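Below are the chains, spelled out letter by letter.
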Amino acid sequence: MQVAAVIVDVPARQTDRPFSYVVGSELSGKLTVGMRVIVPFGRGNRLIQGFVVGITEKPLAETSKLKKISEVQDLTPVLNPEMLALADWLAATTFSFKISCLQTMIPNGLRGKSEKIVRLLAPEKVDQSLKDFFGQKAEQQLQPAKLSAELFRKLQQARNAGSVELLYQVKDQARPRQVRVVQGLLTTQQAQALKKQQRANAHQLLNVLDFLAKNPQITIQQQQLEKQIGVSAATIRTAAAKQWLKVDYQVVKRSAYDLTTISATTAKKLTSAQQQVYQQVAAAIQQQTATSFLLEGVTGSGKTEIYLQLMAAALAKKQNALLLVPEISLTPQMVAQVVGRFGKQVALLHSGLSVGERLDEWRRIENGSATIIVGARSAVFAPIKNLGIIILDEEHESSYAQDNMPRYHARDVALWRSRYHHCPVVLGSATPSLESRARAQKGVYHWLQLPERINTRPLPAVSLVDMRQAAQTSHDSDFSNELLAAIKQRLVKQEQIILLLNRRGYATFMMCRQCGFVLKCPNCDISLTLHKDQQVMKCHYCGHEEPIPRKCPACGSLKIRFYGTGTQKIQEKLQKYFATARILRMDVDTTRRKGAHQQILQRFGRHQADILLGTQMIAKGLDYPDVTLVGVLNADTSLSLPDFRASEQTFQLLTQVSGRAGRAKKEGKVIIQTFNPQHYALQFAKKQDYEKFYAYEMRLRHQGDYPPYYFTIQIAVNAVSEPAAVKYLFKIAHELKQILSPEAKLLGPVPQMILRIKNHYRYHLIIKFKHEPQLLDYLHHLLEKSQQQKAVQLIIIREPTNFM
Ligand SMILES: Nc1ncnc2c1ncn2[C@@H]1O[C@H](COP(=O)(O)OP(=O)(O)OP(=O)(O)O)[C@@H](O)[C@H]1O
Ligand SMILES: [Zn+2]
Ligand SMILES: [Zn+2]
């Protein structure tokens with residue numbers, strides 16, 4: 001008898017292991033490892049999705065108590081052996097549930113959503129309200145939240161009485177896309193005859209019939225007919241009923257990009273500096289060695305062109321290539337470059353795609369019709385076979401680390417896959433993370449450098465404006481006179497400007513000047529941000545919204561003020577200063593709509609706007625020749641965070657955004673406004689001197705026993721009850737003290753920077769260590785035991801991106 005080991009879709013500690021199911025004879029030969037199945041689970045035998053991770057033969061006697069697989073969802077496995085092995089590794093190293101790892105590897109569209117269905121068994125036994133609920137149908141989807149309490153109670157009673165049955169159904173979230181196509185059934189004469197008889201009274205319909213008759217071979221999308229000839233769907237229905245035309249369905253592939261708008265590009269002749277870098281990596285592609293390269297190249301040094309030619313080298317060997325970019329660098333420019341070079345063999349995976357588009361791209365990768373894959377973090381799991389090279393651009397970006405389970409870093413996964421495929425990895429950045437740079441220095445990574453811009457273009461001159469002094473001469477606390485003058489100058493010369501302000505919204509908090517009251521989120525310990533365009537106060541942590549108060553909620557005074565500055569307010573001010581300037585704003589609020597992000601950048605790229613104002617979204621990857629001024633309104637936002645990486649991230653952000661200026665013929669200039677002009681991160685950013693920054697920061701990290709000198713693990717607990725969280729974490733701290741060696745350091749337990757989010761209290765501790773052979777076992781054991789802690793959530797994060 002065949003028995004399958006199945007990881008079920010119940011993300012919990014208790015169920016984090018394979019369950020055994022009998023493979024019925026009807027499935028024998030059809031089921032293989034890596035397929036999705038539907039299985040009954042638990043006492044109620046509800047149907048849920050699972051992944052087959054093993055199949056064995058067992059004597060019949062041993063299988064009598066086992067449940068049977070209900071359904072197989074795939075004809076071919078969705079997870080190949082590489083992905084299954086990767087999931088094992090990922091679950092173990094990131095303290096994650098196996099099911100979470102498996103699901104991360106497949107597109108959302110294939111993640112089965114379990115639906116509750118109620119079926120009416122005995123219509124004669126139920127009352128009118130239930131009959132109305134079912135209407136003409138025998139089955140209805142059950143969404144308790146959408147039912148009245150009364151109706152829900154009646155359904156339960158009917159279920160107990162046996163007149164209604166409760167079922168579970170698992171469905172893929174996306175299906176192949178189908179469109180309606182139309183084909184004519186009349187000859188030209190027949191269509192003309194109808195016209196004469198005026199039988200078809202609608203003028204447009206006659207045109208349609210005429211068109212179809214003249215093109216007997218054509219099947220045309222109904223939507224297209226509706227748009228081009230202006231015929232309505234109803235008219236087409238009528239015509240179909242009269243057998244004048246035929247309406248059918250056709251499966252079409254959704255596309256992640258529009259090939260018609262992208263022009264082909266050819267390889268540039270590499271400069272000798274580029275050539276040197278290229279040759280070393282190309283040699284590793286040829287020899288199929290899993291070498292890891294750190295490519296440290298200043299902004300505008302031509303890293304992208306090297307990536308493109310390395311991918312071409314892999315293709316020439318009949319191998320495939322993976323290019324990872326931070327979400328926000330997936331700009332129209334990047335897409336145009338890669339698609340322009342490689343055409344329709346490119347697959348794109350990014351969050352702007354619909355569930356269906358993503359699924360179609362994934363299928364193209366899986367069946368080998370896409371050979372070049374470009375995508376953000378999760379694309380590191382793309383089911384590419386025969387990888388020839390992996391490139392991770394802007395490797396220092398924190399968006400490569402996922403902050404919910406599985407808490408993986410795309411860089412680590414890329415390194416794992418490179419070993420699996422025996423192919424090189426290139427980690428590229430103008431400002432590498434300290435970790436990567438330290439590894440390069442130790443020889444763990446092969447270190448490649450591009451110290452100059454293409455054509456020895458100079459890096460832009462950077463000046464710091466001390467906002468403490470500026471306040472004495474400028475009336476505006478957001479804009480110094482220098483910055484305003486520089487903007488004006490560029491506008492006159494019809495050059496472009498990029499402005500960075502790392503805060504969205506209008507004003508960051510509301511305070512009462514009478515009593516000092518600050519309006520906070522009811523669910524989180526954080527003040528609410530004013531969003532003027534939507535006329536609400538918003539919490540940026542939980543999404544809570546409430547009306548803008550007209551008087552103080554505490555004392556009733558009318559003397560309330562909105563303080564702090566967000567992108568909306570800056571946009572308003574800019575427009576006042578420069579009435580005719582065309583300003584684009586790019587932040588979470590303006591890019592929510594699908595494709596909005598692309599549209600904004602396209603308009604800016606075509607020079608249909610003068611100023612691009614935005615949050616850190618605008619800092620990376622942009623390459624526009626007319627941008628000659630970059631302004632940073634408040635460089636201190638990220639500097640003031642209580643985190644050991646605050647300086648590093650500030651330096652990286654400032655260097656990246658500065659690098660947008662003066663990339664072509666015209667000289668670039670950067671103005672950074674700050675209240676901390678003496679801070680080393682700002683001083684080194686001013687000089688754009690990564691080397692000095694690195695040396696200085698490493699010294700501090702060494703003194704403070706921080707990464708990359710120490711490994712770190714964060715243990716966080718969340719609970720509705722604050723004492724429960726505290727008590728649990730102190731118990732863990734106590735146990736840790738018993739097992740850790742004197743060399744290891746324990747920070748905390750302390751409250752996290754924001755103590756309460758979504759009504760959960762958050763405490764954490766940090767372990768810094770070099771070599772603790774017992775620690776990982778203890779942590780796995782701790783997670784195992786944590787299932788008894790129902791009211792407290794335990795989260796273990798290896799190498800957290802911050803200590804907040
Ligand atoms: N070999 C070459 N000859 C001529 N122009 C080149 C060459 N290589 C790159 N360029 C051009 O130089 C500019 C900068 O290159 P690119 O955008 O690749 O830099 P980058 O290193 O990726 O920069 P960043 O880190 O700032 O994104 C681009 O406009 C690119 O087209
Ligand atoms: Zn008040
Ligand atoms: Zn909130």
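Residues numbered from 1 in each chain as written. Chains lettered and ligands numbered in written order. Predicted model: local features only at pLDDT ≥ 70, side-chain atom pairs only at ≥ 80, totals over all residues. Heavy atoms only, no water.

Looking up the protein chain in an unreviewed UniProt entry gives the name Replication restart protein PriA, with the organism given as Liquorilactobacillus ghanensis DSM 18630. Of the protein chain, the UniProt comment under Function (unreviewed entry) reads exactly: "Initiates the restart of stalled replication forks, which reloads the replicative helicase on sites other than the origin of replication. Recognizes and binds to abandoned replication forks and remodels them to uncover a helicase loading site. Promotes assembly of the primosome at these replication forks." Comment text from UniProt for the protein chain, heading Subunit (unreviewed entry), reads "Component of the replication restart primosome." (UniProt positions renumbered as here; feature names shortened; annotations may be inferred.)

Turning our eyes to something else, we now look at the overall build of the protein chain. A count of helices and strands for the protein chain gives 24 helices and 34 strands. Here the C-alpha atoms of the protein chain give a radius of gyration of 30 Å, agreeing with the 28 Å that 2.2 N^0.38 yields for 804 residues. The C-alpha extent of the protein chain, read off along each of the three principal axes, is 80 × 80 × 75 Å. Per-residue burial for the protein chain yields a buried fraction of 51% across its 804 residues. Expressed as a percentage of contacts within the protein chain between residues at least 6 apart in sequence, the contacts between residues at least 24 apart total 74%. Approximately 37,600 Å² of the protein chain is accessible, and the part contributed by carbon and sulfur atoms is 51%. Distance between charge centroids for the protein chain: 4 Å, based on 105 positive and 66 negative side chains. (Helix = DSSP H or I, 4+ residues; strand = E, 2+ residues; numbered from the N terminus. Rg over C-alpha atoms; globule rule 2.2 N^0.38 Å. Buried < 20%, exposed > 50% of the residue type's maximum accessible area, 1.4 Å probe, protein only. Contact = heavy atoms within 4.5 Å. Areas by Shrake-Rupley, 256 points an atom, 1.4 Å probe, with all protein chains shown as cover. Lys, Arg positive; Asp, Glu negative; His and termini not counted. Charge placed at Lys NZ, Arg CZ, Asp CG, Glu CD.)

Between any two of four tetrahedral donors, the ideal angle at the metal is 109.5 degrees; between two of six octahedral donors, it is 90 or 180 degrees. Each protein donor to the zinc ion (ligand 3) is listed here as Cys-521 (SG), Cys-524 (SG), Cys-539 (SG) and Cys-542 (SG); together their distances run 2.3 to 2.4 Å. Because the angles between the four donor atoms bound to the zinc ion (ligand 3) fall within 103 to 114°, the donor set is best described as tetrahedral. Taken in sequence order, the residues that donate to the zinc ion (ligand 3) follow the motif C-x2-C-x14-C-x2-C. Here Cys-542 lies in the loop between strand 24 (536–538) and strand 25 (545–546) and Cys-521 lies in the loop between strand 22 (509–512) and strand 23 (529–531), a separation of 21 residues in the sequence. Assessed through its relative accessible area of 24%, Cys-542 is described here as partly exposed. (Donors = N, O, S within 2.8 Å, 3.2 Å for Na, K, Ca; no water. Tetrahedral: all angles 85-135°; square planar, octahedral: opposite > 155°, others 65-115°.)

Split by domain assignment, the protein chain resolves into domain 1 (113–171), domain 2 (177–252), domain 3 (259–452), domain 4 (461–504 + 566–701), domain 5 (505–565) and domain 6 (711–798). Centre-to-centre separation of domain 2 and domain 3, based on C-alpha positions: 48 Å. (Domains from an automatic or database assignment.)

The next thing to look at is the sheet that holds strand 18 (residues 425–429). The strand order 15-16-14-17-18-13-19 describes an open sheet built from seven strands, whose pairing is parallel. Of all strands in the sheet, those bounded by a partner on one side alone are strand 15 (346–349) and strand 19 (446–450). Between one strand and the next, the sheet's axes are offset by a mean angle of 15°, whatever the strand orientation. As paired elements, strand 13 (residues 292–297) and strand 18 share five bridges and run parallel to each other. Among the inter-strand pairings, Phe-293 is bridged to a residue of strand 18, identified as Val-426. (Pairing = 2+ DSSP bridges. Axes fitted to C-alpha atoms, helices over the stretch in contact; angles between N-to-C directions.)

Right, let's get into the coordination of the zinc ion (ligand 2). Within the first shell, the zinc ion (ligand 2) binds the protein through Cys-512 (SG), Cys-515 (SG), Cys-552 (SG) and Cys-555 (SG), at distances of 2.3 to 2.4 Å. For the zinc ion (ligand 2), the four donor atoms are set out with angles of 107 to 112° between them, so the coordination reads as tetrahedral. Positions of the donor residues of the zinc ion (ligand 2) along the chain correspond to the pattern C-x2-C-x36-C-x2-C. Residue Cys-512 is found in strand 22, and its partner Cys-552 is found in the loop between strand 25 and strand 26 (560–563); the two are separated by 40 residues along the sequence. No difference in accessibility class separates Cys-512 from Cys-552, as the two residues are buried.

Our next topic: the site of ligand 1. Close contacts around ligand 1 come from 17 residues, with Lys-269, Gln-274, Lys-303, Asp-623 and Arg-663 the closest. For ligand 1, an oxygen atom lies 3.3 Å from a polar atom in the side chain of Lys-268. Interatomic distance of 2.8 Å between a side-chain N/O atom of Gln-274 and a nitrogen atom of ligand 1. Relative to its unbound accessible surface of 640 Å², ligand 1 loses 84% to contact with the protein. The element best represented in the shell around ligand 1 is helix 10 (residues 303–316), accounting for three residues. Residue composition of the shell around ligand 1, by class: three nonpolar, seven polar and seven charged. Two domains each donate at least three residues to the shell around ligand 1, and these are domain 3 (259–452) and domain 4 (461–504 + 566–701). (Near = heavy atom within 4 Å. Polar contact = N/O pair within 3.5 Å; in protein donor to acceptor, adjacent residues only side chain to side chain. Nonpolar A, V, L, I, M, F, W, Y, C, P; charged D, E, K, R; others polar.)

This part is about the environment of Gly-109. Here Gly-109 lies in the loop between helix 2 (98–105) and strand 7 (113–120). Between the C-alpha atoms of Gly-109 and Ile-48, which are 61 residues apart in sequence, the distance is 16 Å.

This next bit is on the nonpolar core. Of all hydrophobic cores here, the largest spans 47 residues; its most connected members are Leu-79, Met-105, Ile-365, Ile-373, Val-380 and Phe-381. Of all the secondary structure elements, the ones that give two or more residues to this core are helix 1 (81–94), helix 2, strand 14 (320–324), strand 15, helix 12 (355–366), strand 17 (387–392), helix 13 (410–421) and strand 18. A total of six residues in this core trace back to one element, the largest contributor, which is helix 1. For Phe-381, the contacting residues outside a window of four places in its chain are Met-83, Leu-86, Leu-90, Thr-104, Met-105, Tyr-408, Val-413 and Arg-417. (Core = buried A, V, L, I, M, F, W, Y, C linked by side-chain atoms within 4.5 Å.)

Turning next to empty space enclosed by the protein. By the definition in use, this model includes one cavity of 30 Å³ or more. Lining the largest cavity we find Leu-500, Leu-501, Asn-502, Val-632, Leu-633, Asn-634, Ala-635, Thr-637, Ser-638, Thr-650, Leu-653 and Leu-654. Residue assignment for the lining of the largest cavity shows that the elements contributing at least two residues are helix 19 (636–639) and helix 20 (646–658). Looking at the lining of the largest cavity element by element, the count peaks at three residues for helix 20. The residue makeup of the lining of the largest cavity, split by class, is seven nonpolar, five polar and no charged. (1 Å grid on protein atoms, 1.4 Å probe; cavity = no way out; pocket = protein on both sides within 12 Å on 5 of 7 lines; lining within 4 Å. Points joined across faces, edges and corners; volume = space filled by probe spheres on them.)

Moving on, we come to the pairing of strand 3 (residues 36–41). Strand 3 sits mainly inside the fold: six of its six residues count as buried. Here strand 3 shows a buried face lined by Arg-36, Ile-38 and Pro-40 and a second buried face lined by Val-37, Val-39 and Phe-41. Across six bridges, strand 3 lies against strand 4 (residues 46–57) in antiparallel orientation. Note on strand 4: the bridge partner recorded for Val-37 is Gly-50. Here strand 3 hands over to strand 4 after four residues, with Gly-42 in that stretch at a positive phi of 75°.

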